[in-house]
Amino acid sequence: MAGILGAFGFVVAPYLAHFFFLSAAAAALPFLVRDWPKVFAGACLVVGMGLLAWAVIGAAVGMFLFIPVALLLFVAAFADEGVRRRGRSPTTAFA
């Protein structure tokens, strides 16, 4: 099964190169709103979740390369202490 998926990836990947550029452009979107912390956090979560789903779906054609980007966007959403969120933050649980 892995061999079939690998062969499929090698055959289809050159025709889907524009998806890599679109995914990279989507990963850069949250930084356009970095002056507004709440919007930035929301954009990081939405884009990170979308990239993670896209990386799992497109793993056969190499989209798994965006998994670290998605995880970093999740971390970036919770990195700013100044943003007030509902509930208890895991970063302040041990403070």
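J.: How should I be thinking about the nonpolar core in this particular structure?
T.: Here is a general trend for soluble globular proteins: nonpolar side chains tend to be buried in one another's company. Listed in full, the eleven residues of the largest apolar core are Ala 27, Phe 40, Ala 41, Cys 44, Val 47, Leu 51, Met 63, Phe 66, Ala 70, Leu 73 and Ala 77. Secondary-structure elements contributing two or more residues to this core are helix 3 (37-57) and helix 4 (67-77). At five residues, helix 3 tops the list of elements feeding residues into this core. Once you skip the residues sitting within four places of it in the chain, Ala 70 turns out to touch Gly 48, Leu 51 and Leu 52.

J.: What's the story with helix 3 in this structure? I'm lost.
T.: Across its 21 residues, helix 3 extends 30 Å between first and last C-alpha, which sits within 8% of the 30 Å expected from 1.5 Å per residue. Along helix 3, the residues that are buried comprise Phe 40, Ala 41, Cys 44, Val 47, Gly 48, Leu 51 and Ala 55. Projected down its long axis, helix 3 shows its buried positions confined to an angular sector of 145°, all on one face. Opposite the buried face of helix 3, by more than 90 degrees, sit the exposed residues Lys 38, Val 46, Met 49, Val 56 and Ile 57. Each element contacted by the buried residues of helix 3 is listed here: helix 2 (17-28) and helix 4.

J.: Help me understand the packing of helix 2 against helix 3, please; the structure alone is not making it clear to me.
T.: Helix packing geometry: the angle between the two helix axes and the distance between the axes. The geometry of helix 2 relative to helix 3 is characterised by a closest axis approach of 10 Å and an angle of 155° between their N-to-C directions. With respect to helix 3, the element helix 2 is oriented roughly antiparallel. Viewed along their axes, helix 2 and helix 3 form a crossing whose handedness is left-handed. Across the interface between the two elements, Phe 19, Ser 23, Ala 26 and Ala 27 of helix 2 pack against Val 47, Leu 51 and Trp 54 of helix 3. Of the residues assigned to the contact of helix 2 with helix 3, the class counts are six nonpolar, one polar and no charged.

Rules behind the numbers
The written sequence of each chain sets the order in which its residues are numbered from 1. Local features are withheld for residues below a pLDDT of 70 in this predicted model, meaning they are given only at 70 or higher, and side-chain atom pairs are given and counted only at 80 or more; totals for whole chains, interfaces and linings count all residues. Side-chain metrics rest on all non-hydrogen atoms present in the structure, leaving aside hydrogens and water. Remark: nonpolar core denotes a set of buried residues (Ala, Val, Leu, Ile, Met, Phe, Trp, Tyr, Cys) joined through side-chain atoms within 4.5 Å. Burial classes: relative accessible area under 20% of the type maximum marks a residue as buried, over 50% as exposed, and values in between as partly exposed (1.4 Å probe, protein chains only). Secondary structure elements are defined from DSSP: runs of H or I of at least 4 residues count as helices, runs of E of at least 2 residues count as strands, and each element is numbered from the N terminus. Every residue pair with non-hydrogen atoms within 4.5 Å of one another is taken to be in contact. Take the number of residues in a helix, subtract one, and multiply by 1.5 Å to get its expected span. Arc definition: directions from the helix axis to the C-beta atoms. Whenever a helix is involved, its axis is fitted only over the stretch in contact; in every case the axis is a line through C-alpha atoms, and angles between N-to-C directions fall within 0 to 180 degrees. For this classification, under 35 degrees means roughly parallel, over 145 means roughly antiparallel, 65 to 115 means roughly perpendicular, and everything else is oblique. By convention, the crossing between two helices is left-handed when the near helix turns anticlockwise from the far helix through less than a right angle, and right-handed when the turn is clockwise. Residues are sorted three ways: Asp, Glu, Lys and Arg are charged, Ala, Val, Leu, Ile, Met, Phe, Trp, Tyr, Cys and Pro are nonpolar, and all the rest, Gly among them, are polar.

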